[in-house]
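Take a look at the letters that make up each chain.
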Amino acid sequence: MKQGKRLSMERIRQTGLRFREKRGSSAVFLISILLSFLFVIGVLAEAAAGFAARSAADGVLDLAGESVLAAYDAELYDAYGIFAYRMGGEEAERMLRVFAEASFQKETGIDLFRLSLQRLSVEQDAFPLLNLDNLRQQILAYMEGRSLPLAADRLSGIFALEKLFDYSAMASRGEAAAERVKRAQRRLERLEDAEEEDEEAWEAAEREYGSSLEDGLSLEERVKRGLEEMNASGTATEGFGGLLPGQEDGVPENAAASHGAAAGSEEEREYVLRNEKVIRELPTVLMGRAPGRLPLASVSSADARESLLLDLYLGSMCVDRLHPGNAAEHFFAGELEYLLFGYYSQEKNYRKTEDLLHAFRCGLNLLHIYSSPEKTELLAATAAVLLPGPAAPIMQLALAFLWAEAETETDMKALLDGKRVPLLKSDADWNLSLENALAGVTDAAREDEGRGCGYEDYLFLFLCLAEEEGKLYRFLDLVDLNLKARYDKSFSCAQCFCGFALEAELRRRGSILSVFGERTASYRAVFVY
């Protein structure tokens, strides 16, 4: 009996040991599976954190780059529609580093990404405003949606059509501003007569003029602001005040009291840029372009549209001798003339433009004479009377030149008086008879019927025929001079950039589970307007 009991107890102990062994193996197995799951989860979490860290880094650096572009020169854009910022590569790099490091830095809490900026560099050499490809793209982008009215305005005159648009943005800016000020003065006088204390008078005036109010301002505020703008704009020379000869830090040296006077008037005086410091910073000087008439352009059919858009832009942004605009905003009253010849003397640009226009019109008038059967017959008969014999054809040619020259003198007087002259004349448009031409009469011009080309239309036509590179660099000269005088004497187109290339290297410290340790990644992007 006792032996049987001992055997039973032994079996029970062995069975318990087997159960404990099985439970221990199960625990080890379950722990192994759990660790495997934790490892897989850690790997997946690390991969997800890596993707998220890359997205976060891209977002931070993209935002930093856009922030640099947001620091564009507002005056340059407002005046000419050109996006560009003014800062050197080191300054842009410093700004980018500040933006990036402020975003990567984690003061409190858990930093899941653990990113840090190791290296950052900025490359601007391919994006200066003086690179005409960059300037061209800026102009073409600005002209989107604006080209149709400008083209209709310019081409209608050249093709002897009635004006479809009175669209000359820069030339009419001063007149529009002056008209606004006059309206403001009239309103103020009206209100003063009605006594400002009388609320009913104010309300009546607001009802009368309310349709013209802007920006949600009351009539009183609008009037006061208009007068303040008038006082701020000052006289025609205040915008260039303090820029007289001898001021080396000034913009242009000049000897003119007013460079916006009408052509040929007694008030018109010589206006010359003499400041050597300013001249050395001009884009034409930096790029080695000499003054003088620009050569003819060679435009293929593929880029004819873009060339026309560029010329329409230049024609709308630049004033001319007869439409000087607001003299406080433009160093040269004849900016279109400067685009054609580029001399620092305004008067010399005027003379050269007159010579070119005179030669152009004389050739067209001579062409009309020989294309008109009546005029050629009259010339032949007159030559036969004055110089019969074999020399009659020579006399006929001399008479034709004399007649064309006299007609050209009449045309020049009309153009400089702001009248229009058709590009290709008909007999109805002709002013002088041969008898008047021989008698030296050049003031028998017909009444202006509003057809044909005005002075600015002929300048636009010359602009279209001129070499593109030269006129764009001279346009940048005008931007330099005007913005120096308007708001910042240190402004220079050579310091303006339309974009930059950014290259950065980032480091991600070991993750929470320290599975992969430190990792590095590179970032490259180009930011342009």
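All of these numbers come straight from a predicted model, not from anything done at the bench.

Reading the values: the criteria
Residues numbered from 1 in each chain as written. Predicted model: local features only at pLDDT ≥ 70, side-chain atom pairs only at ≥ 80, totals over all residues. Heavy atoms only, no water. Helix = DSSP H or I, 4+ residues; strand = E, 2+ residues; numbered from the N terminus. Expected span 1.5 Å × (residues − 1). Buried < 20%, exposed > 50% of the residue type's maximum accessible area, 1.4 Å probe, protein only. Patch = residues over 30% accessible without salt bridge, like charges linked within 9 Å, V, L, I, M, F, W, Y side chains within 5 Å. Areas by Shrake-Rupley, 256 points an atom, 1.4 Å probe, with all protein chains shown as cover. Salt bridge = Lys/Arg side-chain N within 4 Å of Asp/Glu carboxyl O. Core = buried A, V, L, I, M, F, W, Y, C linked by side-chain atoms within 4.5 Å. pLDDT = per-residue confidence, 0-100. Contact = heavy atoms within 4.5 Å. Pairing = 2+ DSSP bridges. Phe/Tyr/Trp six-rings, centres within 6.5 Å; stacked < 30°, edge-to-face > 60°.

Engineer: Account for helix α4 (residues 132-143), naming residues and giving values.
Structural biologist: Each α-helix turn comprises 3.6 residues. Residues three or four places apart therefore point the same way. The first and last C-alpha atoms of α4 sit 16 Å apart over 12 residues, in line with the 16 Å expected at 1.5 Å per residue. Residues of α4 that are buried: L132, N134, L135, R136, Q138, I139, L140 and M143. G145 sits one or two residues past α4 and shows a positive phi near 85°.

Engineer: Residues and numbers for a nonpolar patch on the surface, please.
Structural biologist: A contiguous nonpolar surface patch, about 920 Å² in accessible area, is contributed by F29, L30, I31, I33, L34, L35, F37, L38 and I41. Tracing the backbone through its elements, the reader meets F29 in helix α1 (residues 2-69).

Engineer: Lay out the environment of E101 with the relevant residues and their values.
Structural biologist: Tracing the backbone through its elements, the reader meets E101 in helix α3 (residues 89-104). Separated by 40 residues in sequence, E101 and L61 place their C-alpha atoms 9.8 Å apart.

Engineer: Quick rundown of the nonpolar core? Include the residues and the values.
Structural biologist: Among the nonpolar cores identified, the biggest contains 63 residues, and L76, Y80, L129, L273, Y313 and F475 are the most heavily contacted of them. With 8 residues, the single largest contributor to this core is helix α18 (residues 468-486).

Engineer: Before we move on, could you go through the pattern of salt bridges and cite the residues and values that matter?
Structural biologist: Under the counting rule described, the total for this entry stands at 19 salt bridges. When the shortest N-O distance is used, the salt bridge between E503 and R119 registers 3.5 Å. Here the residue E503 occupies a position in strand β4 (residues 499-508), and R119 occupies one in strand β2 (residues 115-123), the gap between them amounting to 384 residues. Classification of E503 as partly exposed rests on a relative accessible area of 27%.

Engineer: Requested: an account of the confidence of the model for the protein chain, with residues and values cited.
Structural biologist: Averaged over all residues, the pLDDT of the protein chain equals 77, while 68% of them reach at least 70. Low pLDDT, under 50, characterises residues 162-178; the stretch is placed with 29 contacts to residues that sit more than four places away or in other chains. In this model, residues 209-215 is a region of pLDDT below 50 whose contacts with residues beyond four sequence positions or in other chains number 12 contacts.

Engineer: So, the pairing of β4: which residues are in play, and what are the values?
Structural biologist: Here 8 bridges tie β2 to β4, and the two strands are oriented antiparallel to one another. Bridged to S121 within β4 is E503.

Engineer: Outline the packing of aromatic side chains, supporting the account with residue identities and numerical values.
Structural biologist: To describe a pair of aromatic rings, you give the distance between the ring centres and the angle between the ring planes. Here the structure, examined in full by the defined rule, presents 16 aromatic pairs. With a centroid separation of 5.6 Å and 80° between ring planes, the pair formed by Y142 and Y313 is classed as edge-to-face. With a gap of 171 residues between them, Y142 in helix α4 and Y313 in helix α11 (residues 304-317) connect regions that are remote in the sequence. Looking at Y313, the relative accessible area reads 0%, which means it is buried. Both rings, one in Y313 and one in F475, keep their centres 5.5 Å apart while their planes meet at 75°; by these two values the pair is edge-to-face.

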